[in-house]
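# Descriptive analysis of the structure
Listed below, chain by chain, are the residues.
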Amino acid sequence: MLCERTALCEAVGAMVPVLQQQAAADDAAGDFPGDSFHRLRQLGLLRAPLPETLGGLGLGDGATGAAALLRLLALLGEASLPVARLYEAHVNALQLICRYGNESLIRRCAADAVAGALFALWVTDPPEGALTMHSEGDGYGLVGAKAFCSGAGTATRALVTAATPGGTQMLIISVDPGTRVLPSPIKLSGMRAATTGSMDLTGIHVPADALLGETGDYLREPVFSAGAWRSAAAALGGLKALVALHRDEIRRRGRAQDPHQQARFGALLIAYETARLWMDQAALRGCLEDDSAAAIVAYVNLARLAVESACLDAMRLSQRSLGLGAFIAGHPAERICRDLATYLRQPAPDETLVKAASHYFHAPLPGPASATAA
Ligand SMILES: Cc1cc2nc3c(=O)[nH]c(=O)nc-3n(C[C@H](O)[C@H](O)[C@H](O)COP(=O)(O)OP(=O)(O)OC[C@H]3O[C@@H](n4cnc5c(N)ncnc54)[C@H](O)[C@@H]3O)c2cc1C
């Protein structure tokens, strides 16, 4: 298993330059990264998050599974933040299905993933017309929409949340490609290739056995908040791409001896390495779940914000060093900064910080996860 995970990471690593080229084309066209996902599917990436018994590599299982998932998400982020974002949602959906699903739902979804289906995770409600469900025949009917749906029009399976009188319920739905995407004037400036749109899910009939878990399970901690480590891992990859690009360009311009450029590059390296070290620990804590829910969530919350802060610092430093060149459309730094700035807008950053701070006022200070403490 360890060898197979390592081989997968190496295969994805070898593919990074090709995926980076494709990322530029997909961004320019605003297209879903179909070619990249075709390549990744052929490597077995879409089934890799499943447990071995279901045809996967158990990404995220145990310390070595956590390290492999971290490495893969960071590699994908380095290659293309939209690809990493789409894959992160796929991993999240499959992990929730394996955690909360009944056996037949798990088997069906696993078979779909093994066959190459991309799962999306659509859990954000629009300001009006949030998704609700009601009894309908032998199952449930859906009314409403979901907002900010990455993979809209392409992902054929999705984990969605619907409001019920008893709380939030997770469901697994199937969607035909190219259907149900609402025309929307809203366009994100970055992450264009994640094809994030609104989905009209009214009229979908969901069989009773497609309900995932109980009401309230989606928000259950530590899984709900600690999952943020995966998005931060993808952002870490984007940060690495920016640092490498920065170094190459300053050298090419013959400015690597300038003390100001050196000072800024030094600060950039500190930001990157700080984020990387936080993520090593956050991935372990998020995957091992060997501490109290409150402790895991607090640590991952801090890690998420540390990565956000490192990325924001890096963009400022890099734009100062590269100058106007970093703002020319088509320059990779322009795209990476645009994607990174957009992707960093994750939910409730203020609450995340103060909740983590409140935790550590009354708990031992942050330290290594138990798997690395010895
Ligand atoms: C590229 C991209 C792809 C995405 N894809 C998906 C997807 O596939 N599926 C999906 O479900 N979602 C998706 N999302 C949406 C995502 O899940 C979040 O909804 C979104 O990122 C929240 O961003 P926000 O900045 O609006 O957060 P907010 O939480 O609204 O934060 C904005 C600001 O308001 C503050 N704030 C928040 N709440 C309060 C409050 N109550 N009072 C005062 N201040 C407050 C925050 O601290 C922050 O300063 C995607 C987002 C991005 C960027």
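The rules we used
- Residues numbered from 1 in each chain as written.
- Predicted model: local features only at pLDDT ≥ 70, side-chain atom pairs only at ≥ 80, totals over all residues.
- Heavy atoms only, no water.
- Helix = DSSP H or I, 4+ residues; strand = E, 2+ residues; numbered from the N terminus.
- Rg over C-alpha atoms; globule rule 2.2 N^0.38 Å.
- Buried < 20%, exposed > 50% of the residue type's maximum accessible area, 1.4 Å probe, protein only.
- Contact = heavy atoms within 4.5 Å.
- Lys, Arg positive; Asp, Glu negative; His and termini not counted.
- Charge placed at Lys NZ, Arg CZ, Asp CG, Glu CD.
- 1 Å grid on protein atoms, 1.4 Å probe; cavity = no way out; pocket = protein on both sides within 12 Å on 5 of 7 lines; lining within 4 Å.
- Points joined across faces, edges and corners; volume = space filled by probe spheres on them.
- Nonpolar A, V, L, I, M, F, W, Y, C, P; charged D, E, K, R; others polar.
- Expected span 1.5 Å × (residues − 1).
- Arc of directions from axis to C-beta.
- Pairing = 2+ DSSP bridges.
- Near = heavy atom within 4 Å.
- Polar contact = N/O pair within 3.5 Å; in protein donor to acceptor, adjacent residues only side chain to side chain.
- Areas by Shrake-Rupley, 256 points an atom, 1.4 Å probe, with all protein chains shown as cover.
- Domains from an automatic or database assignment.

## Observations concerning the overall build of the chain
When its secondary structure is counted, the chain shows twelve helices and ten strands. Relative to the globule expectation of 21 Å for 374 residues, the C-alpha radius of gyration of the chain, 21 Å, shows essentially globular dimensions. With respect to the principal axes defined by its C-alpha atoms, the chain has extents near 70 × 50 × 40 Å. A total of 374 residues make up the chain; the buried ones form 51% of that total. Nonlocal contacts in the chain, meaning residues at least 24 apart in sequence, comprise 76% of its contacts between residues at least 6 apart. Charged side chains of the chain number 32 positive and 36 negative; the gap between the two group centres comes to 7 Å.

## Things to note about the layout of surface pockets
Looking at the second largest pocket, its volume works out to about 360 Å³. Lining the second largest pocket are 14 residues, and of these I186, K187, R192, T195 and T196 lie nearest its centre. Elements with a minimum of two residues in the lining of the second largest pocket: β7 (181–182) and β8 (197–200). In terms of residue class, the lining of the second largest pocket is built from six nonpolar, six polar and two charged.

## Notes on helix α11 (residues 349–361)
Working note: α-helix, 3.6 residues per turn, so residues spaced by three or four point in the same direction. Here α11 spans 19 Å end to end across 13 residues, near enough to the 18 Å set by a 1.5 Å rise per residue. All of the buried residues in α11 are T352, A356, H359 and Y360. For α11, the buried positions fall inside an angular range of 90° around the axis, keeping them on one side. More than 90 degrees from the buried face of α11, the exposed residues found are D350, V354 and F361. For α11, the elements touching its buried residues are α9 (293–322).

## Some details on the pairing of β8
Alignment of strand β4 (residues 145–149) against β8, held across three bridges, turns out to be antiparallel. Its bridge partner lying in β8, A145 is registered against D200. The pairing of β7 with β8 spans two bridges and is classified as antiparallel. By the bridge assignment for β8, L182 is matched with S198.

## Considering the site of the ligand
With respect to spatial proximity, 17 residues lie near the ligand, and among them T124, F148, R345, A348 and D350 are the closest. Here an oxygen atom of the ligand sits 2.9 Å away from a polar atom, N or O, in the main chain of V123. Between a nitrogen atom of the ligand and a side-chain N or O atom of S150, the distance comes to 2.8 Å. Taken by itself the ligand offers 960 Å² of open surface, and the protein chains cover 58% of this. Only β1 (119–122), β4 and α11 provide two or more residues apiece to the shell around the ligand. Across the shell around the ligand, the residue classes break down as nine nonpolar, five polar and three charged. Viewed by domain, the shell around the ligand spans two of them, domain 2 (121–215) and domain 3 (223–373), each represented by three or more residues.

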